[in-house]
Amino acid sequence: MREAALAILGFCGIVGIQQVKGEESTPQKPNIVLIITDDQGYGDLASRGNPYVQTPYLDKLHEESVRFSNYHVSTTCAPSRGALMTGRHPNRINVYHTITGRSMVYADEKMLPQVLAENGYVNGMFGKWHLGDNYPFRPEDRGFHEVVRHGGGGMYQGPDYWGNDYFDDTLWHNGEPEAYEGYCTDVFFEEAMRFIEDNARSTGSGQESRPFFAYISTNAPHAPLNLPEKYFNLYKDHPELPETAERFYGMITNIDDNVKRLDKKLAELGLRENTIFIFTTDNGSAWGRRVYDGGLREGKGSVYEGGHRVPFFVRWPEGNLLGGRDDERLVSHYDLLPTFVDLLDLDFTPTKPLDGISFASLLRDRNASWPNRILMVDTQRLQNLVKYKNYAVMDERWRLVNGKELYDVTQDLAQKENVIERYPEVVGRLAQGYERIWQSFLDEGADERFAYIKVGTAYENPSRINAHDMLTGKHGGAWHQHGPVVASQVTGRWKIEFVEDGRYRVSLRRFPRESGLAINATFPAQAKRVELERVMPASVKDDFVEAYLYVAGLSGTKKIEPGQEEVSYTGFVPAGKYDMEAQLIDADGRVYPSYYVYIEKL
């Protein structure tokens, strides 16, 4: 698989200096490195005043970059990634949760790597995708040529390879499982550097060079807070820090070391000057805010400032984006796609209206004018969109929170003084902005659509489907690998599209095939060690007696035999879109999901 990917890259012929066409020489479009970390907030950097965390190289990058100090994302991870990739609000694109089928970007949305690929870029994705684990939602389906990733929203989650724990994991390499050695963050950066170096060395005689986009999206420092012991020990001299902070900061310092390695590699390859290098994060702090909040209120998941204002550094020496300057204008994650289009002069005509606008003018000219836009961020985390659910409306100066609180963040960044009674005209203007934005969601039918996993294609067969993407109002822990182990009891359905008429086999399992475990398998808890904050719990439930399936014309209840790993149903299914129910039933008649379902076109 790697050899095939490298053959593609060799054909593409990527280098980082300039492009030759016949006898003419034109400037090479810049390469792009975009690093986005997980759950690292505004104050989780030494350059932002944190007295504990050690981030010397990110501090150096801070000094070399243009910094947007009023840059906003969504309050949780998948919505931020969806907005960044599409230039559109996550509520429009089916990414307003992190599970339950609402973290898969609709197949008809155009994404940043697709735009870049159409403009001559070759794209690599390394780490956390969290926008769909089945066709047509995977990164390799959305414009990335080289992919090394874990499954779901984090290791240990249901779509991930069974038993991953951040060390010596099995990752999805261009759609196929492949074993890797080392700590996960080190592996993702190592694979990104391999991609960049292979590109730089693959240009042969007569080949036209093309730029690259390396998207490095770490799962760290997301929980579980597993890390190499040496990074954990870095913070042992601070007894006032809780263990969660020691682990969290250790994971960030490991990221810092990897950013240094990557930047050194770019310099060695002669690519540093003409590479747009971006560092940002996906939402507010999950763990560090309990120690140092950077002057912001609350953290991950919150619509107060600490939930969605995050660092954003951009450096491009050849484009004169240098010098450690701050820009305080209000910008957002969905501004990135139009900014790249503008900055790189890409050919792109949106087929759907973008929420983002280009801030390339702010990069080129610190004195450029900028509109006072109204933006909206919310925390839905439900199966369906709900108006007025946990939201904040923003402009340059004001934050209207849930329609009941108003803060002037130019004077009160920590949002301590609610001044809603003093400024009714501001409240009215921002409230009207919310109504306009919400109505635009409805006008697109955002409250009526579902994302369907497509099965029976040449791109993925069989399809390995998981309870992570089951539509349910009560998700329990079924979305996690702990779900089948402890037998989380929830019910729901999947949205499945059979793309062709044909004979199909649908197999119901408690554990994934790579585990080799029977439906009623029991086992002890994983052994603890200092590197692991959390371990796999014990499996004790051993009384599943029946399986039930309903999808298209395949339905019925079947008995589970002793030692049986999966229960299969085979038959003809006409092409079409269906709701699928797949269940395991215990001796007392209690219903559980089939945590894993495999669908194969025969």
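None of these values were measured; they are calculated from a predicted model.

Rules of the game
- Residues numbered from 1 in each chain as written.
- Predicted model: local features only at pLDDT ≥ 70, side-chain atom pairs only at ≥ 80, totals over all residues.
- Heavy atoms only, no water.
- Helix = DSSP H or I, 4+ residues; strand = E, 2+ residues; numbered from the N terminus.
- Buried < 20%, exposed > 50% of the residue type's maximum accessible area, 1.4 Å probe, protein only.
- Contact = heavy atoms within 4.5 Å.
- Areas by Shrake-Rupley, 256 points an atom, 1.4 Å probe, with all protein chains shown as cover.
- Lys, Arg positive; Asp, Glu negative; His and termini not counted.
- Charge placed at Lys NZ, Arg CZ, Asp CG, Glu CD.
- Pairing = 2+ DSSP bridges.
- Core = buried A, V, L, I, M, F, W, Y, C linked by side-chain atoms within 4.5 Å.
- Disulfide = S-S within 2.5 Å.
- 1 Å grid on protein atoms, 1.4 Å probe; cavity = no way out; pocket = protein on both sides within 12 Å on 5 of 7 lines; lining within 4 Å.
- Points joined across faces, edges and corners; volume = space filled by probe spheres on them.
- Axes fitted to C-alpha atoms, helices over the stretch in contact; angles between N-to-C directions.
- Parallel < 35°, antiparallel > 145°, perpendicular 65-115°, else oblique.
- Nonpolar A, V, L, I, M, F, W, Y, C, P; charged D, E, K, R; others polar.
- pLDDT = per-residue confidence, 0-100.

### Some thoughts on the overall build of the protein chain
Consideration 1: A count of helices and strands for the protein chain gives eleven helices and 28 strands.
Consideration 2: Here the C-alpha coordinates of the protein chain stretch approximately 70 × 70 × 55 Å along the principal axes.
Consideration 3: Counting across all 602 residues of the protein chain, residues that qualify as buried make up 62%.
Consideration 4: Long-range pairs, those at least 24 residues apart, make up 71% of the contacts in the protein chain with a sequence separation of at least 6.
Consideration 5: Entry remark: accessible area of the protein chain is about 21800 Å², with carbon and sulfur atoms responsible for 48%.
Consideration 6: On the protein chain, the mean spot of the 68 positive side-chain charges and the mean spot of the 86 negative ones are 2 Å from each other.

### Some points on the pairing of strand 21 (residues 494-498)
Regular strands show a simple pattern: their side chains alternate between the two faces of the sheet.
Consideration 1: Burial analysis of strand 21 places five of its five residues in the buried class, which makes it a mostly covered element.
Consideration 2: Residues Trp494, Ile496 and Phe498 line one face of strand 21 and the alternating positions Lys495 and Glu497 line the opposite face, and both faces are buried.
Consideration 3: Two elements, strand 19 (residues 453-455) and strand 21, share three bridges in a ladder whose sense is parallel. By the bridge assignment for strand 21, isoleucine 453 is matched with isoleucine 496.
Consideration 4: One ladder, built from five bridges, connects strand 21 with strand 26 (residues 576-586); its direction is antiparallel. Bridge pairing links phenylalanine 498 to glycine 576 in strand 26.

### Quick look at helix 8 (residues 336-343)
Consideration 1: With seven of eight residues buried, helix 8 is to be regarded as a mostly interior element.
Consideration 2: Along helix 8, the positions that sit buried rather than exposed are Leu336, Leu337, Pro338, Thr339, Phe340, Val341 and Leu343.
Consideration 3: In the stretch just after helix 8, aspartate 345 is the one whose phi turns positive, near 55°.

### Focus on the nonpolar core
Consideration 1: The biggest cluster of nonpolar side chains holds 51 residues, and the ones touching the most others in it are Val33, Ile35, Ile196, Tyr249 and Leu262.
Consideration 2: Of all elements in the fold, only strand 3 (31-37), helix 2 (56-64), strand 6 (122-127), helix 5 (184-201), strand 10 (212-217), helix 6 (229-233), helix 7 (243-268) and strand 11 (275-281) reach the threshold of two or more residues within this core.
Consideration 3: Counting residues per element, this core draws most heavily on helix 7, which supplies nine residues.
Consideration 4: With sequence-adjacent residues up to four places away left out, tyrosine 249 is seen in contact with Asp44, Asn50, Tyr52, Val53, Tyr235, Leu241, Gly288, Val291 and Tyr292.

### Section: the state of the cysteines
Consideration 1: Enumeration over the complete set of coordinates arrives at zero disulfides.
Consideration 2: With no disulfide of its own, cysteine 77 has cysteine 184 as its nearest cysteine by sulfur position, at a separation of 15 Å.
Consideration 3: With a relative accessible area of 1%, cysteine 184 lands in the buried category.

### Here we look at the layout of surface pockets
In this approach a probe as big as a water molecule rolls over the atoms, and the regions it shows empty are the leftover space.
Consideration 1: As a volume, the largest pocket reaches approximately 510 Å³.
Consideration 2: In this structure, the largest pocket is lined by 24 residues; those nearest its centre are Trp172, Gly175, Glu460, Pro462 and Arg464.
Consideration 3: Elements with a minimum of two residues in the lining of the largest pocket: strand 9 (176-179) and strand 20 (463-466).
Consideration 4: The element contributing the most residues to the lining of the largest pocket is strand 20, with three residues.
Consideration 5: Space inside the second largest pocket adds up to approximately 300 Å³.

### Regarding the packing of helix 5 against helix 7
Consideration 1: Taken N-terminus to C-terminus, the directions of helix 5 and helix 7 make an angle of 10°; their axes are 10 Å apart at the nearest point. In this view, helix 5 runs roughly parallel relative to helix 7, as classed from their interaxial angle. Only Asn254, Ile255, Asn258, Val259, Arg261, Leu262, Lys265 and Leu266 of helix 7 make contact with helix 5, whose side of the interface consists of Thr185, Asp186, Phe189, Glu190, Met193, Ile196 and Glu197.
Consideration 2: Residue classes in the contact of helix 5 with helix 7 are distributed as seven nonpolar, three polar and five charged.

### Quick word on the sheet that holds strand 28 (residues 596-601)
Consideration 1: Spatial strand order, 20-28-22-25: four strands in an open sheet with antiparallel pairing. What marks the edges here is a single partner per strand, and that holds for strand 20 and strand 25 (566-573). Direction aside, neighbouring strands of the sheet carry axes that sit 20° apart on average.
Consideration 2: As defined by bridge partners, strand 22 (residues 502-509) adjoins strand 25 across eight bridges and the pair is classed as antiparallel. If you follow serine 507 over to strand 25, its bridge partner there is serine 568.

### Quick look at the confidence of the model for the protein chain
Consideration 1: Looking at the protein chain, the pLDDT average stands at 94 and 94% of residues meet or exceed 70.
Consideration 2: Taken together, the stretch residues 1-25 has pLDDT below 50 and engages in 66 contacts with residues farther than four places along the chain or on a different chain.

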